[in-house]
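# Geometric and topological summary
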Amino acid sequence: MKRAVKLTKFTANVYYRRLTDTTIKLPETMDTQPDSSTEGPSQKPDQPNPLHNATEKTKSFAEYSGIAFQMLGTIGLGVFAGMKLDEYQQNKQPIWTIILSLTAIGASLYLFIRSLTSK
C-alpha cells in the first residue's frame, strides 16, 4: 500500500530531482530535509530553477483563472437578476435583463482592470 505524501515545496523538489536523477532516494519522513548525499545534482547559482518558474506560472494561471470565474459569476448574476425582474414585472421586452447584464459587464471589467493595476 502506497503512503500518501503531502505535497510541499520540499516534496516537489524531491520529485523533480527524482525525475532528473535516478540515484536519489526519498527520505523516510517528508518533514525533514535530506542530508547532502541525497540532494542529487547540484544547480549552479546562475541557472534558474525550472521548478521555481513552473510554480510562478502556476500562480499566475490560478490568479487569472480566478479573475475569469469572478467575471463569469458577476455577469451571470446580472443576467439572472434581470431575467427575474422582467419575469416579476411581466415585461414584454427584456429591459431589466439588458440593463443589468450591461451593468454587470461594466462592473466585471472594472474589477478586472483594478486587479491588474493593483499588482
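It should be emphasised that the depicted structure is a prediction, and the values quoted were computed from it without experimental measurement. (Residues numbered from 1 in each chain as written. Predicted model: local features only at pLDDT ≥ 70, side-chain atom pairs only at ≥ 80, totals over all residues. Heavy atoms only, no water.)

### Let's talk about the overall build of the protein chain
Convention followed: Think of it this way: any DSSP run of H or I at least four residues long counts as a helix, any run of E at least two long counts as a strand, and we number them from the N terminus. When accessible area is computed with a 1.4 Å probe and restricted to protein chains, residues below 20% of their type maximum are described as buried, those above 50% as exposed, and intermediate ones as partly exposed. By definition, residues are in contact when any of their heavy atoms lie within 4.5 Å. Values of accessible area rely on a 1.4 Å probe in the Shrake-Rupley scheme; residue burial ignores everything except the protein chains shown.
Within the protein chain, the regular secondary structure consists of three helices and zero strands. Taken from the N to the C terminus, the helices and strands of the protein chain come in the order α-α-α. Here the protein chain holds 119 residues, and the buried ones make up 17% of them. Once local pairs closer than 6 in sequence are excluded, the contacts in the protein chain between residues at least 24 apart make up 39%. Carbon and sulfur atoms make up 62% of the accessible area of the protein chain, which amounts to about 9,700 Å² in all.

### Quick notes on the side chain of T97
Put simply, the rule is: What qualifies as a polar contact is a pair of N or O atoms within 3.5 Å, subject to a donor-acceptor requirement within protein and to the restriction that residues adjacent in sequence count only when both atoms come from side chains.
Along the chain, the position of T97 falls in helix α3 (residues 95–117). Of note is the side chain of T97, whose polar atom sits 3.3 Å from the backbone oxygen of G82. Within the structure, T97 has its side chain in polar contact with the side chain of D86 (distance 2.7 Å). Those residues in contact with T97 that lie beyond four places of it in its chain are V79, G82, M83 and D86.

### Details of a nonpolar patch on the surface
Stated precisely, the cut-off is as follows: Each patch is built from salt-bridge-free residues with over 30% relative accessible area, joining like charges within 9 Å and nonpolar side chains (Val, Leu, Ile, Met, Phe, Trp, Tyr) within 5 Å. One speaks of a salt bridge when a side-chain nitrogen belonging to Lys or Arg is within 4 Å of a carboxyl oxygen belonging to Asp or Glu.
A surface patch of nonpolar side chains, amounting to about 360 Å² of accessible area, comprises I98, L102, I105 and L109. By the element assignment, I105 lies in helix α3. In this structure I105 comes out as partly exposed when scored by relative accessible area, which is 35%.

### Points about unusual backbone geometry
The backbone phi angle of Q90 is positive, close to 55 degrees, even though this residue is not glycine. Position of Q90 among the secondary structure elements: in the loop between α2 (50–89) and α3. You can call Q90 exposed: its relative accessible area is 69%.

### So, the side chain of S108
In this fold, S108 is placed in helix α3. Discounting residues that sit within four places of it in the chain, S108 has contacts with M71, T74 and I75.

### So, the confidence of the model for the protein chain
To be explicit about the condition: The score called pLDDT rates the predictor's confidence residue by residue, from a low of 0 to a high of 100.
For the protein chain, mean pLDDT is 75; residues scoring 70 or higher make up 54% of the total. The spread of mean pLDDT over the elements of the protein chain runs between helix α1 (residues 9–20), the lowest at 56, and α3, the highest at 94.

### Regarding the environment of L72
With respect to the helices and strands, the residue L72 is situated in helix α2. The sequence separation of L72 and I105 amounts to 33 residues, and the corresponding C-alpha distance is 9.2 Å.

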